[in-house]
Amino acid sequence: MASHSDTLVVFFGATAGANGGKLGSDEREIILLVWQIVDLHEKKVGKIQQRLIKPDTIELTDQCKEETGLSVEELCKAEPLDTVLQQFQQAVSAEVKALGRSSYTLCVDGPLLIRQAIHPEASKKNLVLPECFYSFVDLKREFHKCCPNAGPVKDLTLCASVIIKQPLCLFPDHKFSLFETVKYKFESGACSKTEAVDSETVIRARGLPWQSSDQDIARFFKGLNIAKGGVALCLNTQGRRNGEALVRFINSEHRDMALERHKHHMGSRYIEVYKATGEEFLKIAGGTSNEVAQFLSKENQVIIRMRGLPFTATQQDVLGFLGPESPVTDGTEGLLFVKYPDGRPTGDAFVLFACEEYAQNALKKHKQILGKRYIELFRSTAAEVQQVLNRYMSTPLISTLPPPPMVPVSTRDCVRLRGLPYTAAIEDILEFMGEHTIDIKPHGVHMVLNQQGRPSGDAFIQMKSADRAFMVTQKCHKKMMKDRYVEVFQCSAEEMSFVLMGGTLNRSGLSPPPCKLPCLSPPTYAAFPAQTAMLSTEAAALYQPPLLATPRTPQPPTHSPAPTLTYYSPQPQLYMNMNMNYTAYYPSPPVSPSTVSYFAAPPGSMAAAVAQPAAPVLPQPGALVRMQGLPYSAGVKDILSFFQGYQVTIAVQSRLRPKSQVDTSKPH
């Protein structure tokens, strides 16, 4: 209320849990409010008013019962908090008016009742607090200002008695100057990396819902004053929120009160609150871009992040997508497209709206279509704008993978295509490669299939050298194929093999295939040691060496001099588990366009191989392969057809009912 009133409203309160110096730290509800009016001008005091409050959870701690003397039965008959607050406002206004005054000053014994109890509980219950709770005087602080030599004041009773009994001595013509305020709402803003941030004002909040905004976090800390632009939502390596935020308060006192809200709840989730440093805050929220600073210079704006925009989208396309019901602040000036250092768009953009209504209208377009893509819209913050811009501006033009931990470093003479149209064929890939098709090894195009045998959108290409592979990534990365852009990454043959066996290869590194993970393969099945493996000429013609991710050099036969047998060294660590989420692949057609140095096998080679008398196949040590997920109707004939071209011995496990499981022994 008025800043220089000689009418005081001395205000007390208690919760159902901890009180005193720990008031509000256990998130318990308010159960008691007490107030008394003091007229400093007339040296009079009013009647003490007391109101009990019925909490949503009627349960009192032993400490509360001892300090307040209240019982559960009494609280069951009380009124809820919103009703008691209305009664407080009406009673105080009437009494102040009766004194011929128009304003009063709310006085409390320390800030905890207002900041840690009333504001947080009112925020959770969506209650509108009277204006007097946004400005108050801490009597302890005011007392020490007037009496700096006085000892510590333990409670408000001493202050109140001094004020009441000796008002002229203690406050002769006194005007309160240490008014504390509570911010009505959080103010967004930009933060520079050169700005000094006191580490005693920063906390880290962990466990936030991923869709929470800076306003939601400010609401969680309602009653405490957050610095302008002091909420920085943290992002993971994929640019998505990781459930953490760094929050900067106006001073260390508010930071310390924020730490007392450790494991308080936001909805159904409890939030952990820890100390953090100014360096951590600047790393997330600080920025150096003048373009971002200008974009964020408009105050009191609601920021929305758009993700998944077509790379060809223009400012007018975005404005048209948002529509007239959600006008952007200052038109195109309220749009910020996120780009790579070379100017290529990333598909992200940030938009400013003047009010919450416009932002809500924009959020209703979440996952609607722009062009041929659906667009995601989320609430965002100034710190997130800085964070996203900093990340993309520091991204190298071509992402390179670190050496995989599970395989030795080798020649990176392969490339991976990611994001292919599902309708793409070998011819489309060759056309996409353009002039670089002459550098592809014969039969070096491998399409990756998913579990259902359908294209996954990925492909691997074996190039003639690592230099040629690097040139392809430089020239073809993010190049368009049909209506999609395709990412091109350089990799090695070993990395390709891991992916084709079911591993994952991405910007974060190499994850092993399921068969390489511990405790995933059945312990009772293991591959027998094999020294050599043998394929017939017919099988070698059907399954050419490039099908095995790394071609093997033919070795002279050791068991038979027959020229119709070709030997390959075994492929260790090559497993097949039909129940795992592995990826299959197939080689490019045997007859590829001859204009790009692809040559088919000699026309008569297959017939000649079949016509020649086959040499007797000597028994070879085999490997035991377990197949899971077979159709219940599958028979031996179906399994033999599946392994066409290999020599297999089948042992079917018979059970009372089909288990979709079979053991096969086949040479490597």
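Here the structure is shown first, and the text comes after it.
This report concerns the structure included in the present document. (Residues numbered from 1 in each chain as written. Predicted model: local features only at pLDDT ≥ 70, side-chain atom pairs only at ≥ 80, totals over all residues. Heavy atoms only, no water.)

**Thoughts on the overall build of the protein**
Phase 1: A count of helices and strands for the protein gives 20 helices and 32 strands.
Phase 2: A burial count over the protein gives 48% of its 668 residues as buried.
Phase 3: Contacts spanning at least 24 positions in sequence make up 72% of the contacts within the protein whose residues lie at least 6 apart.
Phase 4: Accessible area of the protein: about 33700 Å², with a carbon and sulfur share of 54%. (Helix = DSSP H or I, 4+ residues; strand = E, 2+ residues; numbered from the N terminus. Buried < 20%, exposed > 50% of the residue type's maximum accessible area, 1.4 Å probe, protein only. Contact = heavy atoms within 4.5 Å. Areas by Shrake-Rupley, 256 points an atom, 1.4 Å probe, with all protein chains shown as cover.)

**Brief notes about the packing of aromatic side chains**
Phase 1: What the rule picks out here adds up to 9 aromatic pairs.
Phase 2: Between tryptophan 210 and phenylalanine 378 the ring centres are 5.9 Å apart and the planes differ by 75°, which places this aromatic pair in the edge-to-face class. Of this pair, tryptophan 210 sits in the loop between strand 9 (202-206) and helix 8 (214-220) while phenylalanine 378 is found in strand 19 (residues 373-379), placing the two residues 168 residues apart along the sequence.
Phase 3: Classification of tryptophan 210 as exposed rests on a relative accessible area of 53%.
Phase 4: The exposure class assigned to phenylalanine 378 is buried, which follows from its relative accessible area of 13%. (Phe/Tyr/Trp six-rings, centres within 6.5 Å; stacked < 30°, edge-to-face > 60°.)

**Some thoughts on the pairing of strand 17 (residues 345-353)**
Phase 1: Burial analysis of strand 17 places 8 of its 9 residues in the buried class, which makes it a mostly covered element.
Phase 2: Bridge analysis of strand 15 (residues 302-307) against strand 17 gives 6 bridges, and the strand direction is antiparallel. Directly across from arginine 307, in strand 17, lies its bridge partner aspartate 348.
Phase 3: Across 4 bridges, the pairing between strand 16 (residues 335-339) and strand 17 is antiparallel. The residue bridging leucine 336 from the neighbouring strand is phenylalanine 350, located in strand 17.
Phase 4: Between the end of strand 16 and the start of strand 17, which pair antiparallel, lie 5 residues, with glycine 343 showing a positive phi angle near 95°. (Pairing = 2+ DSSP bridges.)

**What to know about helix 17 (residues 493-500)**
Along an α-helix, residues three or four positions apart point the same way, because every turn accommodates 3.6 residues.
Phase 1: Summarising burial for helix 17: 7 of the 8 residues are buried, a large majority.
Phase 2: Regarding helix 17, the residues found buried are Ala493, Glu495, Met496, Ser497, Phe498, Val499 and Leu500.

**What about the environment of lysine 185?**
Phase 1: Take lysine 185: it is sitting in the loop between strand 7 (179-181) and strand 8 (191-192).
Phase 2: Using a relative accessible area of 55% as the deciding quantity, one classes lysine 185 as exposed.

**Re the side chain of aspartate 439**
Phase 1: Relative to the elements of secondary structure, aspartate 439 occurs in the loop between helix 15 (426-433) and strand 21 (440-449).
Phase 2: In terms of polar contacts, aspartate 439 uses its side chain to reach the side chain of arginine 468, at 2.4 Å.
Phase 3: Residues in contact with aspartate 439, not counting those within four places in the same chain, are Gln462, Met463, Lys464 and Arg468. (Polar contact = N/O pair within 3.5 Å; in protein donor to acceptor, adjacent residues only side chain to side chain.)

**Focus: the sheet that holds strand 12 (residues 264-266)**
Phase 1: Read from one edge to the other, the open sheet built from 5 strands follows the order 10-11-9-13-12, with strand pairing classed as antiparallel. Since the sheet does not close on itself, it has two edges, and those belong to strand 10 (226-235) and strand 12, each with one partner. The mean angle between the axes of side-by-side strands here comes to 35°, regardless of whether they run parallel or antiparallel.
Phase 2: The pairing of strand 10 with strand 11 (residues 241-249) spans 5 bridges and is antiparallel. Note that in strand 11 the partner of alanine 232 across the bridge is leucine 246.
Phase 3: Where helix 9 (residues 252-259) meets the sheet, its contacts fall on strand 9, strand 11 and strand 13 (269-275), and the angle it forms with strand 13 comes to roughly 140°.
Phase 4: In the packing of helix 10 (residues 278-285) onto the sheet, contacts are made with strand 9, strand 10 and strand 11, and the angle to strand 10 comes to roughly 70°. (Axes fitted to C-alpha atoms, helices over the stretch in contact; angles between N-to-C directions.)

**Topic: the sheet that holds strand 18 (residues 368-370)**
Each strand in a sheet pairs with another by means of backbone hydrogen bonds, the pair being arranged parallel or else antiparallel.
Phase 1: On the basis of which strands lie adjacent, the open sheet formed by 5 strands has the order 16-17-15-19-18 and antiparallel pairing. Each edge of the open sheet is held by one strand with a lone partner, namely strand 16 and strand 18. With direction set aside, neighbouring strand axes in the sheet form an average angle of 35°.
Phase 2: Packing of helix 13 (residues 356-363) onto the sheet brings it into contact with strand 15, strand 17 and strand 19, and relative to strand 19 it is tilted by some 150°.

**Some thoughts on the environment of valine 385**
Phase 1: Note that valine 385 resides in helix 14 (residues 382-393).
Phase 2: Taking relative accessible area as the criterion, valine 385 reaches 0% and is therefore assigned buried.
Phase 3: Considering only alpha carbons, one finds valine 385 and arginine 305, 80 residues apart in sequence, at a separation of 8.4 Å.
Phase 4: Excluding its chain neighbours within four sequence positions, the residues that come into contact with valine 385 are Val292, Leu296, Ile303, Leu336, Phe350 and Ser380.

**Section: the pattern of salt bridges**
Phase 1: Inspection of every chain in the model, using the stated rule, returns 30 salt bridges.
Phase 2: Its salt-bridge partner being lysine 372, residue aspartate 483 comes within 3.6 Å of it at the nearest N-O pair. Linking aspartate 483 in the loop between strand 23 (479-481) and strand 24 (484-491) with lysine 372 in the loop between strand 18 and strand 19, this pair joins segments that are 111 residues apart in sequence.
Phase 3: One salt-bridge network, in which partners are shared between bridges, spans Glu29, Asp56, Glu121 and Lys125. (Salt bridge = Lys/Arg side-chain N within 4 Å of Asp/Glu carboxyl O.)

**Observations regarding the nonpolar core**
Phase 1: Of all hydrophobic cores here, the largest spans 28 residues; its most connected members are Phe11, Phe88, Ile114 and Phe133.
Phase 2: Sorting the residues of this core by element identifies strand 1 (7-15), strand 2 (30-39), helix 3 (81-98), strand 5 (105-108) and helix 4 (112-124) as the ones contributing at least two each.
Phase 3: Ranked by the residues each element gives to this core, the list is headed by helix 3, at 6 residues.
Phase 4: Those residues in contact with isoleucine 114 that sit more than four places away from it in its chain are Phe11, Leu106, Val108, His119, Pro120, Phe133, Phe136 and Val182.
Phase 5: Of all hydrophobic cores here, the second largest spans 21 residues; its members include Leu420, Ile426, Met433 and Val486. (Core = buried A, V, L, I, M, F, W, Y, C linked by side-chain atoms within 4.5 Å.)

**Re helix 15**
Phase 1: All buried positions along helix 15 are accounted for by Ile426, Ile429, Leu430, Phe432 and Met433. One face of helix 15 carries all of its buried residues, which in axial projection span an arc of 160°.
Phase 2: Buried residues belonging to helix 15 abut strand 20 (414-418), strand 21, strand 22 (455-463), helix 16 (466-476), strand 23 and strand 24.
Phase 3: Backbone geometry just downstream of helix 15 places glycine 434 in the positive-phi region, at approximately 60°. (Arc of directions from axis to C-beta.)

**Quick word on the environment of glycine 343**
Phase 1: By the element assignment, glycine 343 lies in the loop between strand 16 and strand 17.
Phase 2: Sequence separation between glycine 343 and methionine 393 is 50 residues, and the spatial gap between their C-alpha atoms is 9.7 Å.

**So, the pairing of strand 22**
Phase 1: Strand 22 sits mainly inside the fold: 7 of its 9 residues count as buried.
Phase 2: Pairing between strand 20 and strand 22: 5 bridges, direction antiparallel. Each bridged residue has a counterpart across the sheet, and for arginine 418 the counterpart in strand 22 is aspartate 458.
Phase 3: Hairpin connection of strand 21 to strand 22: 5 residues between the antiparallel strands, including glycine 453 at a positive phi of 80°.

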